[in-house]
Amino acid sequence: MSYGTSNEWFPYYEQAFSAGTFSYRTGNELPDYEQAFSDNGVLGMQASEQKAIQVTDLTVAYQDKPVLWDIDLDVPPGVLLAIVGPNGAGKTTLVKAILGLVRPAAGNVLIYDKPYEAQRRIVGYVPQRGSVDWDFPTSVLDVVTMGCYGALGWIRRPGRRERELAMQALEKVGMEAYTTRQISQLSGGQQQRVFLARALVQDATVYLMDEPFQGVDATTERAIVTLLQELRADGKTVVVVHHDLQTVTDYFDWVMLLNIRRIASGPVDEAFTSDNLRETYGGRLGFMKTDKSDV
Amino acid sequence: MEDLGIFNHFYTLIIVSAGAALLGTVSGALGSYAVLRRQSLLGDAISHAALPGIAIAFLLTGSKTPLILVLGAAIAGWLGTLLIMSIVRLTRIKYDSVLAIVLSTFFGFGLVLHTLIQRTGNANQAGLDTFLFGQAATMLESDVLTIGILGGIALIVMLIFWKELKLLVFDEGFAASIGFPIRTLDILLTSLLVVAIVLGLQAVGAVLMSAMLVAPAVAARQWTDRLRLMVFLAACFGALAGVSGTIISSTASRIPTGPTIVLCATAVVGFSIVFAPNRGLVWDRIRHQRNRRNLKMETSRN
């Protein structure tokens, strides 16, 4: 994978994609998957169009209790998608299931037509800020360098090249003045930007971000939005777990409304309707009524 | 004749100190990971769970060769840990309860076995009870060699997988997302802890061994904000506590080594908590007062 030079250090996704010629054991199974779907008519006309993320019949349960029920989601390449829904709707679980971090009870996930295991290198992940211990004894630069660990593989240590990539990413998020800072001395917004920089270092094609706006001030929020829109402009696909319904139409072009089941998904002007919102947030009664969700 | 006695005593002291120093180095370094992962109590569970392994190894082989006993302890400690991990994963019982249950069950079983061995009056059995509270003075050259080789291997493995272990401890979810098998890494890290613990059983004893993992790491964390330096300092503090504890316990008669070493380690912890820069209490106090004074000056100026 070539990182290019100075400003243009994001390779276009075609490059990144073709770099991983995945002559992988799953190679032969792929036509079968597609066959199965088109036989069922699930994909219909769109079967030929490539999807950045394709979630099919995904069900996840924690000890008998379903947290995601029969989710279908197609994310076309190059969109900025918000996943919204009330607390406990399964937003984080959906992201984790796409990343293979939780095992689904049923269903499957494809990233550019291949299972996640074959596509790790083109997927970047920003976990929830609260999921790690920020008192861990390490520096900002070190955390951002962790974005290279996947490309480095086992045992190989990050070197000068990796540190340069990390520095470039830190400049992109406006944190270059904090490289040697211990991570516990950062504000919430700064921590969030460090995590974003780490994801930039991953140099991915598809990004999954779990609440990157959580606990950040207005300035940082603005900066993050600009960054996300730059990523989209570069042809990346960005999926963001989002909480603030007010900003969905401003920040995103696609949206998914989720409350255990998928209520709706699609371009914001189509899917982000007051009916769908009521169904998503309107308590369990709305949720029990079936078939309305098939917009 | 008297000269020879002093020489012998001195020689024993050197051997025993070397063993304790090696032990402190290994357990201090590896203990850093346990502390950072908030698994300080796991060490306690492992060391208690190792006890029946020693007894069973002795019953099966009838030998007190350190390597065999250590192997028995390691297997039992490791089984105990796997049991803890699977109970947490498969049931709804909380982690701390599982720790307590496994710890006391294995420890109780170990005590029963040790009592049974003592009843048989086997002349060879004397010394098995040192594994409870530790008796560094019983360390022989071969024991020190065992600690050196096995502990050295554990440290080398830790250094080889430095990047992976750091990532596992800091951000497990991210590690999994980029393809590192976190369950395997978890088992690797736990196995390294098991090695550190069983090596220390003879000198420090099952009851207090976990302090050798936790205390140096907690002290080291006070002095630095870098993992590399923290692991290094923890190793140094561990060695320091090991040596000083051994020397103190061997000069006065009939003081068990384990508690003495642990008290030395605690002294290091206490000093670090109070006097370390930035994180220490004294420093905290000074900074607090300085801030207050500055604020007062600024507000009174207006």
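Look up a bit, the structure's there.
Residues numbered from 1 in each chain as written. Chains lettered and ligands numbered in written order. Predicted model: local features only at pLDDT ≥ 70, side-chain atom pairs only at ≥ 80, totals over all residues. Heavy atoms only, no water.

Undergrad: Is there a simple way to explain the overall build of chain A in this structure?
TA: When helices and strands are tallied, chain A shows 13 helices and nine strands. Taken over 295 residues, chain A has a buried fraction of 52%. When contacts within chain A are restricted to residue pairs at least 6 apart in sequence, long-range pairs at least 24 apart make up 70% of them. Accessible area for chain A stands at about 13300 Å²; split by element, carbon and sulfur atoms hold 47% of it. (Helix = DSSP H or I, 4+ residues; strand = E, 2+ residues; numbered from the N terminus. Buried < 20%, exposed > 50% of the residue type's maximum accessible area, 1.4 Å probe, protein only. Contact = heavy atoms within 4.5 Å. Areas by Shrake-Rupley, 256 points an atom, 1.4 Å probe, with all protein chains shown as cover.)

Undergrad: Please explain the side chain of Thr179 of chain A as it appears in this structure.
TA: Among the secondary structure elements, Thr179 of chain A is positioned in the loop between helix H7 (160–172) and helix H8 (188–201). Setting aside residues up to four positions removed in sequence, Thr179 of chain A forms contacts with Ser139, Val140, Leu141, Met167 and Leu170 of chain A.

Undergrad: Quick question: what am I supposed to make of a nonpolar patch on the surface here?
TA: Together, Trp223, Phe271, Phe275, Val282 and Ile286 of chain B make up a nonpolar patch on the protein surface, roughly 470 Å² of accessible area in all. Along the chain, Phe275 of chain B falls in helix H12 (residues 257–275). (Patch = residues over 30% accessible without salt bridge, like charges linked within 9 Å, V, L, I, M, F, W, Y side chains within 5 Å. Salt bridge = Lys/Arg side-chain N within 4 Å of Asp/Glu carboxyl O.)

Undergrad: Looking at this structure, I do not really get the layout of surface pockets. What am I missing?
TA: If a probe the size of a water molecule is rolled over the atoms, the empty space left behind becomes visible. As a volume, the largest pocket reaches approximately 1800 Å³. Every residue lining the largest pocket is counted, 45 residues in all, and those nearest its centre are Leu101 of chain A together with Arg89, Glu172, Ile182 and Arg183 of chain B. Looking at the lining of the largest pocket, the elements with two or more residues in it are strand E1 (53–62) and helix H3 (91–98) of chain A together with helix H3 (66–90), helix H7 (162–170), helix H8 (172–177) and helix H9 (182–204) of chain B. In terms of residue count, the dominant contributor to the lining of the largest pocket is H3 of chain B (seven residues). A per-class count over the lining of the largest pocket returns 26 nonpolar, eight polar and 11 charged. (1 Å grid on protein atoms, 1.4 Å probe; cavity = no way out; pocket = protein on both sides within 12 Å on 5 of 7 lines; lining within 4 Å. Points joined across faces, edges and corners; volume = space filled by probe spheres on them. Nonpolar A, V, L, I, M, F, W, Y, C, P; charged D, E, K, R; others polar.)

Undergrad: I tried to follow unusual backbone geometry on my own but got confused; where do I start?
TA: Most peptide bonds are trans, and most residues other than glycine sit at a negative phi. All names here are of chain A. In this structure, Asp70 takes a positive phi of about 50 degrees despite not being glycine. With respect to the helices, strands and loops of the structure, Asp70 is situated in strand E2 (residues 65–75). Note on Asp70: relative accessible area 40%, which makes it partly exposed. Phi is positive for Ile155, which is not a glycine, with a value near 70 degrees. Looking at the element boundaries, Ile155 is found in the loop between helix H6 (149–152) and H7.

Undergrad: I keep staring at empty space enclosed by the protein and nothing clicks. Help me out?
TA: Residue and element names in this part refer to chain B. Applying the stated criterion across every chain yields a total of two cavities of 30 Å³ or more. What lines the second largest cavity is Ile54, Pro66, Leu69, Val70, Ala73, Phe131, Val198 and Leu201. At four residues, H3 tops the list of elements feeding residues into the lining of the second largest cavity. Its residues placed into classes, the lining of the second largest cavity shows eight nonpolar, no polar and no charged.

Undergrad: Please clarify how the interface of chain A and chain B should be interpreted in this entry.
TA: Note on interface size: it is often stated as the accessible area lost on association of the parts. Contacts between chain A and chain B engage 34 residues on the former and 30 residues on the latter. When chain A packs against chain B, the two sides together hide about 2800 Å² of surface, and 61% of this comes from carbon and sulfur. Considering only the surface of chain A that becomes buried against chain B, Phe136, Pro137 and Trp154 of chain A emerge as the three largest contributors, covering 24% of it. The interface formed by chain A and chain B includes five salt bridges. The shortest N-O distance in the salt bridge between Arg198 of chain A and Asp171 of chain B comes to 2.7 Å. For the interface between chain A and chain B, the tally reads 15 residue pairs in polar contact (both at pLDDT 80 or more). If you list the elements that add at least two residues to the side of chain A that touches chain B, you get helix H5 (140–145), H6 and H8 of chain A. Take the side of chain A that touches chain B: its biggest share by element is three residues, from H6 of chain A. Here the side of chain A that touches chain B is built from residues that sort into 17 nonpolar, 10 polar and seven charged. (Buried area = accessible area lost by both parts, 1.4 Å probe. Polar contact = N/O pair within 3.5 Å; in protein donor to acceptor, adjacent residues only side chain to side chain.)

Undergrad: Before we go on, may I ask you to explain the sheet that holds strand E8 (residues 254–259) of chain A in this structure?
TA: Backbone hydrogen bonds hold the strands of a sheet together, and the pairing may be parallel or antiparallel. All names here are of chain A. The six strands are arranged E5-E6-E7-E3-E8-E9 in an open sheet whose pairing can be described as mixed. At either margin of the open sheet sits one strand with a lone partner, and together these are strand E5 (123–126) and strand E9 (261–267). In this sheet, adjacent strand axes meet at a mean angle of 15 degrees when their direction is disregarded. Relative to strand E6 (residues 206–210), E5 runs parallel, the two sharing four bridges. Within the sheet, the bridge partner assigned to Tyr125 lies in E6 and is Leu208. Its contacts with the sheet put H3 on strand E3 (80–84), E5, E6, strand E7 (237–241) and E8, and the angle it makes with E3 is roughly 130 degrees. (Pairing = 2+ DSSP bridges. Axes fitted to C-alpha atoms, helices over the stretch in contact; angles between N-to-C directions.)

Undergrad: Mind showing me how you'd approach the pairing of E6 of chain A here?
TA: A regular strand carries its side chains on alternate faces of the sheet. Residue and element names in this part refer to chain A. Summarising burial for E6: five of the five residues are buried, a large majority. Side chains of E6 alternate between two faces, with Val206, Leu208 and Asp210 and Tyr207 and Met209 buried alike. By the bridge criterion, five bridges tie E6 to E7 in an arrangement that is parallel. Each residue of the ladder has a partner; that of Tyr207, found in E7, is Val238. As for the winding sense of the linkage, the β-α-β connection from E6 through helix H9 (residues 218–233) to E7 is right-handed. (Right-handed = clockwise from strand over helix to strand, strands pointing away.)

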